[in-house]
Amino acid sequence: MEGRDATAGAFVGREREKKTAKKGAAPKEVKAQTKSRMETLFGFRKEDLSSWDNLVALLNRPTDPASLGIFRCLFGLLMAIDVTQERGLSHLDYKYLDGAPVCRFPLFNFLEPLPLDWMYLVYLVMFLGALGIMLGCFYRLSCLMFISTYWYVFFLDKTAWNNHSYLYGLIGFQLAIMDGNRYWSMDGLRKPSIRNAHVPLWNYTVLRTQIFIVYFIAGVKKLDADWVEGYSMSYLAHHWLFDPFKVILPVELVSLLVVHGGGLILDLTAGYLLFFDATRPFAFFFVSYFHCMNSQLFSIGMFSYTMLSTSLLFCYADWPRRFFARFPSFLSSILPLTSAEVQPSTSCLYPEVGSSGGSGSGSSGSSGERQATQNPAKASKLRFKHKLGAVFTILYIAEQFFMPYSHFITKGYNNWTNGLYGYSWDMMVHSRSHQHVKITYKDGKTGEVGYLNPGVFTQSRRWKDHGDMLKQYATCLSGLLPRYNISDPEIYFDIWVSINERFQQRIFDPRVDIVKADWSPFKPNPWLMPLLVDLSPWRTKFQEIEGSLDNQTEIVFIADFPGLHLENFVSEDLGNTSVHVLQGRVNVEIVDENKNHTLQPGDQIKVPAGAYHKVFTVSEGPSCYMYVYVNTTEAALLQNFTKLQEIQERIRNGTETEPLPPELQPLMAADDDQEAEVNATDPVVQLFLKRQRRMKEVKKRREAGMLERLDRFAVKKYYTIRRGFLMTAIAIRNLVLGLPPVEQLTREVAFANMKEPEAEADPDETIKNEMAHAEL
């Protein structure tokens, strides 16, 4: 008989057998191998859970190392690529800004980045560790190199935390204690004793359960009312990837049923569907489609490809042998082993020949089980390391189920959403937009009040949503501002956030000096403002109001607390701005006019552009109001563009009979004539020609063929990775030989910074920036 592991999301694993008995085999022998329904479905018998020793034996069953070895290789490859991209090797000098005054957000305040050249060495160690994992070369050392540097970089910056970065660290830790180098590894060439040797079943159990948790807990978190009602990711439905669905469904239903409903169902069911033989092909299709879409929808680095590689873990553990056996024989020297000869391993627990726990009923998950039947391994005794593997499996799985719900312990990290984003698997459940951020400082000695640009001394924006980061930011600013003759500064933050399309509202109390404010990781944040969930039903009304507006009119919905006020400056571009009260009572003060106006629900008032005004909430409960405005400058510009477009079309089709004035004559040039832009004297004409050229470039890029897109992608990645390695080489040289002359260092960095020929900024982003709506 040949046993192959068929566990898909299983916590322990299972086996499917296929008959290899000869025609003359006795019927009695076939009957002895008959499995119970439970064993057929789940891969283990009820008796395997009846005692501690039986459970240990189950988790240490000999299992084919092939699938684990292939996953190790894929994971190492993807992490090596990830180091140069999402981890930041290619832009490390911009990330750490060696010597510059920068506010950072480590998990523990004592953690600090090393000097820049040493940080390059840290990343080099991380990269070599990932490469060693991929090759299975000095495997334990490579895993240690990778996870030690990876977790150091991870803990160094909370602003870069996300679920998949956390997952990479977990998988790296798991592989470090597993026998991942038993198949298709350089260690196997160096040590024949471990080559193609069994691995204990718990190696697969831990990895599969981890992936099951990622899917299932993500699905449970999507049972949140905002996700179910379609408010979390409604903007995704407008992406071109969902165009096929929009052929038969309106965009609102695409958002509700496909984006939110489909995401919820897939996450809840993926782990179970991957578990069973009958449903696994369907799971592979939907999971692969899902991750391929995510790779285009989000900037998530190697996550989609990593999750695709984990799907292979749910197949029979000997699938690589059967897959690579189909290749021509002359490739066998470089391909993984296809032989069914699997060596015994001391890491596994082998039952006595003929016992009920033998190969006929075990869940070895390997075609090496066939070899064990033909030439069975010597029965092994239950040892401490077998029990240790079982204990680790149980404790680790329990801890991973507990962590996403551990926020009642770390209460200080809870804001409107629980905990630091990264270990809760609440992927994409919450979307935020920030309308207004003001940082006010007050000199503790002179009483002087001033304002700071939001984000000064930091490259991150995530501090705006997390109280712990805001505390770190305020503490850092209080240490930097004395350099600018501001003594004992008090620092106040007024941050307005909308979560899942709700009202814009304050997230933190603007009256609290955050420098002196109390904060503890184990106590609720006392200066966190409550989320006004009672106003959530207004979102339906928002959609009705927005649907009644024309394309040039913008709207912002505001909610505020009693006793507080919003001080706002209306840009001169917004020449038609008014405040409309929806709920509560407010006083609007026009600062320059020194006038106050009290507004009730249904009232409105026009506020002047280019001036400050204040909106005070004077009702007993929260007030709700909205700004309605038109960017008159942009509207006039678009109107001029339309007229210029009409003139240009008449010139091209020969219907323009009147002579053009000198300032419009550049319109007669070809679209790709950049000289016409330079020669244009009218700024509107110059901007129009520039916009036309870039729109043409965007169209050309979007209509490019597959080969051209791949070439552009490959060239871009080449220069990105090239910079990372050249800068690393410069840093290592500096550490070994010392700093060269400044002129030489400048030339070397300039060579590393070399871009691909004719490289420009993304035309899409340029057009968006030129035509962006001004914020209130």
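Residues numbered from 1 in each chain as written. Predicted model: local features only at pLDDT ≥ 70, side-chain atom pairs only at ≥ 80, totals over all residues. Heavy atoms only, no water.

Trainee: Hey, could you run me through a positive patch on the surface in this one?
Mentor: Positive charge collects at one region of the surface, where Lys-378, Lys-381, Arg-383 and Lys-385 lie side by side. In this structure, Lys-381 sits in the loop between helix H17 (368–374) and helix H18 (384–402). (Patch = residues over 30% accessible without salt bridge, like charges linked within 9 Å, V, L, I, M, F, W, Y side chains within 5 Å. Areas by Shrake-Rupley, 256 points an atom, 1.4 Å probe, with all protein chains shown as cover. Salt bridge = Lys/Arg side-chain N within 4 Å of Asp/Glu carboxyl O. Lys, Arg positive; Asp, Glu negative; His and termini not counted. Charge placed at Lys NZ, Arg CZ, Asp CG, Glu CD. Helix = DSSP H or I, 4+ residues; strand = E, 2+ residues; numbered from the N terminus.)

Trainee: Can you walk me through a nonpolar patch on the surface in this structure?
Mentor: Nonpolar side chains collect at one region of the surface, where Trp-52, Val-391, Ile-394 and Leu-395 lie side by side and expose about 350 Å² of accessible area between them. It is H18 that provides the largest number of residues to the nonpolar patch, a total of three residues. Position of Val-391 among the secondary structure elements: in helix H18. Taking relative accessible area as the criterion, Val-391 reaches 32% and is therefore assigned partly exposed. (Buried < 20%, exposed > 50% of the residue type's maximum accessible area, 1.4 Å probe, protein only.)

Trainee: How should I be thinking about the packing of aromatic side chains in this particular structure?
Mentor: For any pair of aromatic rings, geometry is given as the distance between the ring centres together with the angle between the planes. One pass over the full model with this rule turns up 51 aromatic pairs. Ring centres of Phe-324 and Phe-327 lie 5.7 Å apart, and the angle between their planes is 35°; on these two criteria the pair is classed as tilted. The ring of Tyr-405 is capped by Lys-221, whose NZ or CZ atom sits 5.1 Å from the centre of that ring. (Phe/Tyr/Trp six-rings, centres within 6.5 Å; stacked < 30°, edge-to-face > 60°. Lys NZ or Arg CZ within 6 Å of the ring centre and 35° of its normal.)

Trainee: Explanation requested: helix H6 (residues 116–135) in the structure shown.
Mentor: Along an α-helix, a turn takes 3.6 residues, which lines up residues three or four apart on a common side. Taking 1.5 Å per residue, 20 residues should reach 28 Å; H6 reaches 29 Å between its end C-alpha atoms and fits that length. On its buried face, H6 is in contact with helix H4 (66–84), helix H5 (92–96), helix H7 (139–156), helix H8 (163–176) and helix H24 (706–737). Downstream of H6 by a residue or two, Gly-136 has a phi angle that is positive, lying close to 65°. (Expected span 1.5 Å × (residues − 1). Contact = heavy atoms within 4.5 Å.)

Trainee: Sorry if this is basic, but what is going on with the sheet that holds strand E12 (residues 586–590) here?
Mentor: Paired through their backbone hydrogen bonds, the strands of a sheet run either parallel or antiparallel. Overall, antiparallel pairing links the four strands, which are arranged E10-E15-E12-E13 in an open sheet. Strands with a single pairing partner mark the edges of an open sheet, and in this sheet they are strand E10 (565–570) and strand E13 (595–599). Strand-to-strand twist of the sheet, defined as the mean angle between neighbouring strand axes without regard to direction, takes the value 20°. Alignment of E12 against E13, held across five bridges, turns out to be antiparallel. Its bridge partner lying in E13, Asn-587 is registered against Thr-598. (Pairing = 2+ DSSP bridges. Axes fitted to C-alpha atoms, helices over the stretch in contact; angles between N-to-C directions.)

Trainee: Sorry, what's going on with the packing of H7 against H8 here?
Mentor: Helix packing for two helices is described by the angle between their axes and how far apart those axes are. Running from N to C, H7 and H8 cross one another at 155°; their axes reach a closest spacing of 9 Å. One finds that H7 runs roughly antiparallel with respect to H8. Seen along the crossing, H7 lies across H8 with a hand that is left-handed. Within the contact between the two elements, H7 uses Tyr-139, Arg-140, Cys-143, Phe-146, Ile-147, Tyr-150, Trp-151 and Phe-154 and H8 uses Ser-165, Tyr-166, Tyr-168, Gly-169, Leu-170, Gly-172, Phe-173, Leu-175 and Ala-176. The class makeup of the residues in the contact of H7 with H8 is 13 nonpolar, three polar and one charged. (Parallel < 35°, antiparallel > 145°, perpendicular 65-115°, else oblique. Left-handed = near helix turned anticlockwise from the far one by under 90°. Nonpolar A, V, L, I, M, F, W, Y, C, P; charged D, E, K, R; others polar.)

Trainee: Teacher, can you tell me more about the nonpolar core here?
Mentor: A general tendency of soluble globular proteins is for nonpolar side chains to be buried together. Judged by nonpolar contacts, the single largest core of 120 residues is most densely connected at Tyr-123, Phe-146, Leu-175, Trp-425, Trp-463, Phe-493 and Ile-495. When residues in this core are grouped by element, the largest group, 11 residues, is from helix H10 (residues 201–221). Every residue in contact with Trp-425, bar those within four places of it in the chain, is listed here: Asn-163, Tyr-166, Leu-167, Leu-170, Gln-210, Ile-213, Val-214, Ile-217, Ala-218, Lys-221, Gln-400 and Pro-404. Residues Val-607, Val-615, Tyr-627 and Tyr-629 belong to the second largest nonpolar core, which totals 18 residues. (Core = buried A, V, L, I, M, F, W, Y, C linked by side-chain atoms within 4.5 Å.)

Trainee: What exactly am I supposed to notice about the sheet that holds strand E9 (residues 553–560) here?
Mentor: Spatial ordering of the open sheet is given by E9-E16-E11-E14, a layout of four strands whose pairing is antiparallel. Bordering the open sheet on either side are E9 and strand E14 (604–607), each of which pairs with just one other strand. On average, each strand axis in the sheet is tilted by 25° relative to the strand beside it, whichever way the strands run. Here seven bridges tie strand E11 (residues 576–583) to strand E16 (residues 623–630), and the two strands are oriented antiparallel to one another. What sits directly across from Asn-576, in E16, is Val-630. Packing against the sheet, helix H20 (residues 538–547) makes contact with E9, E11 and E16, and its axis sits at approximately 160° to E9.

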